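# Observations on the model geometry
The chain contents come next:
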Amino acid sequence: MSMLPTLLGYTLVLYVGWRLFRHVFLGSSLDNIPGPQSESFIGGNVGRIFHREAWAYQDKLVAQYGRLFTVNGVLNTKWLYTYDPRALHSIYVKDQDVFEESELILLNMLLFIGPGLLGTIGNQHRRQRKMLNPVFSAKHLREMTPLFVDVVHRLETAITSRLQDGPREIDMLSWMGRTALELVGLGGFGRSFDPLTEDVADEFADAIKSYFPVEADVHMLVRLSLPVVIKMGPAAFRRAVAERIPNHTLQRMRKISDILYANSLEIVNGKKEALKQGDQALKRQVGEGKDIMSVLLRANMEASEEDRLPDQEVVAQVSTLILAAMDTTSNALSRTLQFLAMHPDIQQRLRNELVQARDDSTGSLRDLSYDEVMELPFLDSVCRETLRVFPPIRSLARAVRKDGVLPLSAPIRGVDGTPIHSVPVKKGMMVLTDLYACNTDEKLWGEDAKEWKPGRWLKPLPRALEEAPIPGVYSHMMTFIGGGRACIGFKFSQLEMSMSFRPKPSPPLAFADVVLFAEIVLATLLPAFQFELTEAPIFWNAAGVSYPSVGGYSPTPAMPLRVTRLKEWV
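Quantities reported herein were computed from a predicted structural model and do not represent experimental measurements.

### What about the sheet that holds strand S9 (residues 529-532)?
Here 3 strands make up an open sheet; going across it, the order is S4-S12-S9 and the pairing antiparallel. The strands lining the two open edges of the sheet, one partner per strand, are strand S4 (168-171) and S9. Taking each pair of neighbouring strands and ignoring which way they run, the sheet shows an average axis angle of 45°. Here 4 bridges tie S4 to strand S12 (residues 560-565), and the two strands are oriented antiparallel to one another. For Glu169, the partnering residue across the bridge sits in S12 and is Arg562. Where helix H8 (residues 172-189) meets the sheet, it contacts S4, S9 and S12, and its direction lies at approximately 45° from that of S4.

### A look at the pairing of strand S10 (residues 538-541)
The sheet contact formed by S10 and strand S11 (residues 547-550) spans 4 bridges and is antiparallel. Each bridged residue has a counterpart across the sheet, and for Phe539 the counterpart in S11 is Ser549. Once S10 ends, the chain turns through 5 residues before running back antiparallel as S11.

### As for the packing of helix H13 (residues 248-277) against helix H15 (residues 292-302)
Look at H13 against H15: their axes get within 10 Å of each other, and the N-to-C directions meet at 65°. When you trace H13 past H15, the crossing you get is right-handed. Contacts between H13 and H15 involve Val268, Lys271, Lys272 and Leu275 from the former and Met293, Ser294, Leu297, Arg298 and Met301 from the latter. Here the contact of H13 with H15 is built from residues that sort into 5 nonpolar, 1 polar and 3 charged.

### Section: the packing of aromatic side chains
By the definition in use, this model includes 12 aromatic pairs. Judged by centre distance (4.7 Å) and plane angle (65°), the rings of Phe390 and Trp540 are edge-to-face. A single burial state applies to Phe390 and to Trp540, both of which are buried. Three or more aromatic residues joined by ring pairs make a cluster, and in this case those are Tyr65, Phe69 and Tyr81. Over the ring of Phe378 we find Arg349; its NZ or CZ atom is 4.1 Å from the centre of that ring.

### Some words on the pattern of salt bridges
Once their charged atoms are close, side chains differing in charge can pair, the charge on each being opposite to the other. One pass over the structure, following the stated rule, counts 27 salt bridges. Between Arg67 and Asp441 there is a salt bridge; the shortest N-O distance is 2.8 Å. Pair noted here: Arg67 is in the loop between helix H3 (54-65) and strand S1 (68-72) and Asp441 is in the loop between helix H20 (435-439) and helix H21 (442-445), with a separation of 374 residues, a long-range link. Residues Arg67 and Asp441 agree in their burial class; the two are buried. The shortest N-O distance in the salt bridge between Asp311 and Lys272 comes to 2.8 Å. Of this pair, Asp311 sits in helix H16 (residues 311-342) while Lys272 is found in helix H13, placing the two residues 39 residues apart along the sequence.

### Some words on the nonpolar core
Core analysis: the largest hydrophobic core is formed by 97 residues, its most contacted members being Ile159, Met172, Met176, Tyr211, Ile322 and Phe531. If you tally residues by element for this core, the top one is H16, at 13 residues. Among residues more than four places away in sequence, those in contact with Tyr211 are Asn108, Met109, Phe112, Ile113, Met253, Ile256, Leu260 and Leu323. Ile420, Trp445, Leu461 and Phe480 belong to the second largest nonpolar core, which has 57 residues in total.

### Remarks on the sheet that holds strand S2 (residues 78-82)
Across the sheet, which stays open at both edges, the 5 strands sit in the order S1-S2-S8-S5-S3 with mixed pairing between neighbours. A strand with exactly one partner marks an edge of an open sheet, and here the two such strands are S1 and strand S3 (99-101). Ignoring which end each strand starts from, the neighbouring axes of this sheet average 35° apart. Strand contacts of helix H4 (residues 85-94): S2, S3, strand S5 (395-400) and strand S8 (430-434), with the helix running at about 120° to S8, the strand carrying the most contacts.

### Here we look at helix H19 (residues 377-389)
Taking 1.5 Å per residue, 13 residues should reach 18 Å; H19 reaches 19 Å between its end C-alpha atoms and fits that length. Extensive coverage of H19 is indicated by the burial of 12 of its 13 residues. Within H19, the full set of buried residues consists of Phe378, Leu379, Asp380, Ser381, Val382, Cys383, Arg384, Glu385, Thr386, Leu387, Arg388 and Val389.

### Brief notes about unusual backbone geometry
Even without glycine at this site, Ser361 takes up a positive phi of about 75°. Tracing the sequence through the fold places Ser361 in the loop between helix H17 (344-358) and helix H18 (370-373). The exposure class assigned to Ser361 is exposed, which follows from its relative accessible area of 70%. Positioned with a positive phi, Ser475 is a non-glycine residue whose angle comes to about 50°. With respect to the helices and strands, the residue Ser475 is situated in the loop between helix H22 (463-467) and helix H23 (490-498). Judged by its relative accessible area of 12%, Ser475 is buried.

What counts, and at which threshold
- Residue positions are counted from 1 within each chain, in the order its sequence is given.
- Since the coordinates come from a predicted model, pLDDT governs what is reported: local features require at least 70, and pairs of side-chain atoms require 80 or more to be given and counted, while whole-chain, interface and lining totals use all residues.
- Only hydrogens and water are set aside; all other atoms, that is, all heavy atoms of the structure, feed into the side-chain values.
- Strands were regarded as paired on the criterion that DSSP finds at least two bridges between them.
- Strands are runs of DSSP state E lasting at least 2 residues, helices are runs of H or I lasting at least 4, and numbering of each runs from the N terminus.
- For helices, the axis comes from a line fit to the C-alpha atoms of the stretch in contact; other axes are also lines fit to C-alpha atoms, and the angle between any two N-to-C directions lies between 0 and 180 degrees.
- Contacts are assigned to residue pairs with any non-hydrogen atoms lying within 4.5 Å of each other.
- Here a crossing is taken to be left-handed if its near helix is turned anticlockwise relative to the far helix by less than a right angle, and right-handed if that turn runs clockwise.
- Residues were grouped as follows: Ala, Val, Leu, Ile, Met, Phe, Trp, Tyr, Cys and Pro as nonpolar; Asp, Glu, Lys and Arg as charged; and all remaining residues, including Gly, as polar.
- Each Phe, Tyr or Trp ring (for Trp, its six-membered ring) is paired with any other whose centre lies within 6.5 Å, and the angle between the two planes then decides the class: stacked below 30 degrees, edge-to-face above 60, tilted in between.
- Each residue's exposure class comes from its accessible area (1.4 Å probe, protein chains only) as a fraction of the maximum for that residue type: buried when under 20%, exposed when over 50%, partly exposed otherwise.
- Two thresholds decide whether a charge sits over a ring: the Lys NZ or Arg CZ must be within 6 Å of the ring centre and within 35 degrees of the ring normal.
- Salt bridge criterion: a side-chain nitrogen from Lys or Arg within 4 Å of a carboxyl oxygen from Asp or Glu.
- Buried Ala, Val, Leu, Ile, Met, Phe, Trp, Tyr and Cys residues that are joined via side-chain atoms within 4.5 Å together make up what is termed a nonpolar core.
- Each helix should span, by expectation, one fewer than its residue count multiplied by 1.5 Å.

Here it is, written out as structure tokens:
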């Protein structure tokens with residue numbers, strides 16, 4: 001052990017020396033592409049780009065340099081930054097073998113979550129998607145809709161119980177998070193995490209809610225050390241080293257990772273045991289064996305040896321799917337409620353549509369079916385507009401795995417004044433793609449591109465947008481990206497947002513989940529409650545998944561709204 005720090009020190013000195021030599025004497029093929037000055041040799045511009053307050057800085061760069069420019073990475077390595085539609089199409093669809101998930105992101109997911117969808121690439125990733133895609137079918141979503149509706153009615157009861165003495169401020173982010181977790185738990189794994197009508201502590205739920213805020217605090221130098229750390233001997237040795245690192249944030253992440261793994265293993269083993277006992281045992285479980293994990297395990301048992309997923313990959317899918325669905329859905333729902341509170345006229349218009357659709361002709365409101373939720377035009381518009389101007393994940397990084405050429409929609413002007421029509425990329429380069437900037441590009445969406453206007457979806461979209469080669473799987477936007485690593489839970493979110501909202505035309509089945517959740521929530525809450533802003537300023541923090549906080553940028557997520565019970569609708 002005593003030699004390890006010395007060896008690491010020598011390795012670091014050699015690496016820094018090589019980077020310095022290459023930067024000073026060899027330059028980069030990207031030197032002619034405009035971009036901001038480096039703010040430090042060690043960190044470049046990375047500290048500003050990956051900070052909680054990064055959005056203002058990114059907006060400034062986009063406004064100044066346009067669709068493609070460079071930023072300075074660690075040790076002043078040149079990185080590309082782009083939201084050019086043709087470049088995005090190349091990165092996510094046409095040349096996926098050239099542009100892959102970055103090693104740092106993969107190792108981060110692999111260490112903290114395991115070899116699930118977010119921590120694998122290549123054939124291993126394709127095999128996992130092949131096994132998971134069928135469980136996100138429209139048939140499956142129709143079967144699960146009554147279960148989701150029941151959860152949202154519990155949410156309605158819980159909020160109502162807190163309004164016995166009249167309107168009050170309620171942290172809607174907390175309730176959206178609890179609801180999203182329960183919806184994902186039941187629909188995904190047949191497990192209830194939260195009754196909603198009472199406060200019950202759950203270690204697994206707490207770990208999931210803490211993951212992204214804590215992960216955002218992991219220092220960049222710790223992240224950069226991952227490629228070295230993961231190759232340091234056997235797992236038991238790495239574990240012993242990790243437990244002795246005197247870093248509070250890293251130790252919190254280690255504990256969260258342990259909790260996620262232990263509970264994921266328990267869920268999978270419980271499902272396996274129920275499958276062994278037959279259909280009657282499954283029917284006695286929550287969801288009657290129709291949840292994603294039961295369907296996945298059954299399909300995995302019947303799969304060929306070539307396609308079958310090993311146990312460690314199945315276990316990793318539990319934490320992967322919960323983390324991918326919960327925060328993105330709950331934060332998008334919270335953002336929607338905030339927008340509706342900021343625009344009471346739009347809130348009332350949506351409420352009117354929902355009440356009319358749910359009216360059973362006796363003065364009561366009925367529940368909507370899957371197909372009915374998916375056919376509400378203004379609900380669709382509100383949902384799509386929120387996801388356009390608020391992608392829960394603003395930007396994604398890709399690593400160049402082999403030499404290639406990045407095409408552009410229109411030429412940019414180089415530092416020397418010459419036009420640049422395409423950019424040669426070399427193996428090892430990093431490319432940052434700005435999903436939000438593409439979703440709000442005025443050249444595509446018009447002068448009001450950055451404004452939240454649901455009505456834009458009720459009329460023809462701009463021709464420039466229709467003709468642009470945007471590779472997103474959903475409504476000409478990059479929110480759920482595209483290609484082989486597109487968000488697999490999109491349709492799940494759609495239903496979740498909807499029983500509270502919805503998108504049109506129907507997106508690929510594997511992605512409708514995210515929006516579906518949201519639509520179910522909105523379809524239930526809007527007729528029952530009025531939402532208004534409070535005096536507390538809300539700030540949205542840049543992180544793995546964006547989240548709100550009160551009074552300023554903070555690691556503590558919260559979003560209070562003033563809530564009033566609308567008795568005339570019940």
